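Here's the letter readout for the chains.
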Amino acid sequence: METTLNKLTITQNIALYWLRHVESGLLFFESGLLFFKLLQTLSKPFRIAFYIGLIAFTVFGMKFIFIFIPEYNNSLWQILRDILFYGAALGISLVITIESVLKLDVAGILKEKKAKVAEIKKNKLQRWRLRNMNTLKRIFVYLFFYAVLLFWFETTFYAARVDLFGAAPLTPQIYEVILEFNAAYMLFIKWFTFSFFIAALTLDYFVNKTRA
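Residues numbered from 1 in each chain as written. Predicted model: local features only at pLDDT ≥ 70, side-chain atom pairs only at ≥ 80, totals over all residues. Heavy atoms only, no water.

Chemist: How should the overall build of the protein chain be read in this particular structure?
Modeler: What the protein chain contains, in helices and strands, is eight helices and zero strands. Across the protein chain, helices and strands are ordered from the amino to the carboxyl terminus as α-α-α-α-α-α-α-α. Counting only residues that meet the buried cut, the protein chain has 24% of its 212 residues in that class. The contacts in the protein chain between residues at least 6 apart in sequence include a share of 66% that link residues at least 24 apart. Put simply, the protein chain shows about 15500 Å² of open surface, and 71% of that area lies on carbon and sulfur atoms. (Helix = DSSP H or I, 4+ residues; strand = E, 2+ residues; numbered from the N terminus. Buried < 20%, exposed > 50% of the residue type's maximum accessible area, 1.4 Å probe, protein only. Contact = heavy atoms within 4.5 Å. Areas by Shrake-Rupley, 256 points an atom, 1.4 Å probe, with all protein chains shown as cover.)

Structure, rendered in structure tokens:
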């Protein structure tokens, strides 16, 4: 059965994910492939009508719900609304990928996938675990976290400098304090960088020890 999983296309994998997660979410209970079994009994025109109807119902339903949600003059709120709306619209539109698995033993494949996930979890073979990544990927992860923390420090530093000195007149005394403030920050960044990479090297040592 392992060969069955290996032969699945991207579209088929999306369809299986949709049936396993989205269908249950729409029905608020473990559906037992209710949509899939229903679609198998329908002819293609009726299946297409079902897809279109489900997508249209979701899109217009969300628009109707948004009518009752207060508007805020907040760009972040608008971005979150757009993400929610377009994300849901895209997610529900993926229902059309079910066409690619109508002739497959979906119940058997999902059962096999569930067993494979359980085996991966039992043996701690998840891809997100550092010990299951190669050296290049681990380096990328370390650098990514370093960049995120550095960005946060930079943002905090500039915000603090604006709060402290933004409205102050640029006298020689204030300029001297700003230089000292900048120097203290640069010293902090140097020590942070040194500490971070020592910690990363130590962590990677134990990761390699676990892999061995």
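Now that the structure is up, let's keep going.
Chemist: Help me out: how do you make sense of a nonpolar patch on the surface in this one?
Modeler: A contiguous nonpolar patch, built from Leu 187, Trp 191, Phe 194, Ile 198 and Leu 201 and spanning about 570 Å² of accessible area, is present on the exposed surface. Note on placement: Leu 187 falls in helix H8 (residues 172–211). (Patch = residues over 30% accessible without salt bridge, like charges linked within 9 Å, V, L, I, M, F, W, Y side chains within 5 Å. Salt bridge = Lys/Arg side-chain N within 4 Å of Asp/Glu carboxyl O.)

Chemist: Looking at this model, I keep getting lost on the nonpolar core. Mind explaining?
Modeler: One recurring pattern in soluble globular proteins: nonpolar side chains tend to sit buried together. Counting 19 residues, the largest nonpolar core has Trp 18, Leu 19, Phe 36, Ile 98, Val 101 and Val 106 as its most contacted members. Membership of the second largest hydrophobic core comes to seven residues, among which are Tyr 146, Phe 157, Ile 189 and Phe 192. (Core = buried A, V, L, I, M, F, W, Y, C linked by side-chain atoms within 4.5 Å.)

Chemist: Which parts of the structure should I look at to understand the packing of aromatic side chains?
Modeler: This model, assessed by the stated rule, comprises 19 aromatic pairs. Centroid distance Tyr 146 to Phe 197: 5.2 Å. Interplanar angle 50°. Geometry classified as tilted. Here Phe 197 lies in helix H8 and Tyr 146 lies in helix H7 (residues 135–165), a separation of 51 residues in the sequence. These aromatic residues form a ring-pair network of at least three members: Tyr 146, Trp 152, Phe 153, Phe 188, Phe 192, Phe 196 and Phe 197. (Phe/Tyr/Trp six-rings, centres within 6.5 Å; stacked < 30°, edge-to-face > 60°.)

Chemist: Explain helix H4 (residues 44–67) here, please?
Modeler: Every α-helix winds through 3.6 residues per turn, so residues three or four apart in the chain are directed the same way. For H4, built from 24 residues, the straight-helix expectation of 34 Å at 1.5 Å per residue is met to within 8% by its first-to-last C-alpha distance of 35 Å. Regarding H4, the residues found buried are Arg 47, Tyr 51, Leu 54, Thr 58, Val 59, Met 62 and Phe 66. (Expected span 1.5 Å × (residues − 1).)

Chemist: So what exactly am I meant to see when it comes to the pattern of salt bridges here?
Modeler: In a structure, side chains of opposite charge can pair up when their charged atoms sit close to one another. In this structure the tally under the stated criterion is two salt bridges. Between Glu 99 and Arg 47 there is a salt bridge, with its nearest N and O atoms 2.5 Å apart. Linking Glu 99 in the loop between helix H5 (75–93) and helix H6 (106–122) with Arg 47 in helix H4, this pair joins segments that are 52 residues apart in sequence. Given a relative accessible area of 13%, Arg 47 falls into the buried group.

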